[in-house]
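Topology and contacts: notes
Now for the letters of each chain:
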Amino acid sequence: MKNKHQNASQRAIAFLLAIQVMLIGVNAENLIQQGDSPITVLLWVVKESISLVRQASSLQEKQKKSLLPKHRRSEEE
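A short tour of the structure in this document, coming up. Here the residue index of a chain counts from 1 through its sequence in written order. pLDDT decides what is reported in this predicted model: residues at 70 or higher carry local features, side-chain atom pairs at 80 or more are listed and counted, and totals for whole chains, interfaces and linings draw on all residues regardless. Just so you know, side-chain values use all the structure's heavy atoms and leave hydrogens and water out.

**A closer look at the overall build of the protein**
- Only DSSP runs of H or I reaching four residues or more are called helices, and only runs of E reaching two or more are called strands; each is numbered from the N terminus. For the protein, the helix and strand inventory stands at three helices and zero strands.
- Secondary structure elements of the protein, listed N to C terminal, follow the sequence α-α-α.
- Every one of the 77 residues in the protein was classed for burial, and the buried ones make up 9%.
- Just so you have it, the protein exposes about 6400 Å², and 60% of that area is on carbon and sulfur atoms. Note on classification: 1.4 Å probe, protein chains only; a residue is buried when its accessible area is under 20% of the maximum for its type, exposed when over 50%, partly exposed between these limits. With residues, only the protein chains shown are counted as cover, and all accessible areas are computed by Shrake-Rupley using a 1.4 Å probe.

**Some points on a nonpolar patch on the surface**
- On the surface, a nonpolar cluster with roughly 260 Å² of combined accessible area is contributed by Leu42, Val46 and Ile50.
- Here Leu42 lies in helix H2 (residues 38–67). Here the term patch refers to residues with relative accessible area over 30% and no salt bridge, with like charges joined within 9 Å and nonpolar side chains (Val, Leu, Ile, Met, Phe, Trp, Tyr) within 5 Å. Any carboxyl oxygen of Asp or Glu within 4 Å of a side-chain nitrogen of Lys or Arg constitutes a salt bridge here.

The following block contains the structure:
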């Protein structure tokens, strides 16, 4: 049962991250249409993408820690 819950939460997180990526693209397109410099928009996209990768990495680390047995978790912290 716990495995199914974790699998569902992993899929939900992946789905939400994919939506964030799409929103970054939509915002970038809007910024370009509003007249912002493509280089400025590209830099903004890179900054947002790095932030998103950090979020995903943090979530993955939290999930890994929650999967460890309790005695191993306390050794790593």
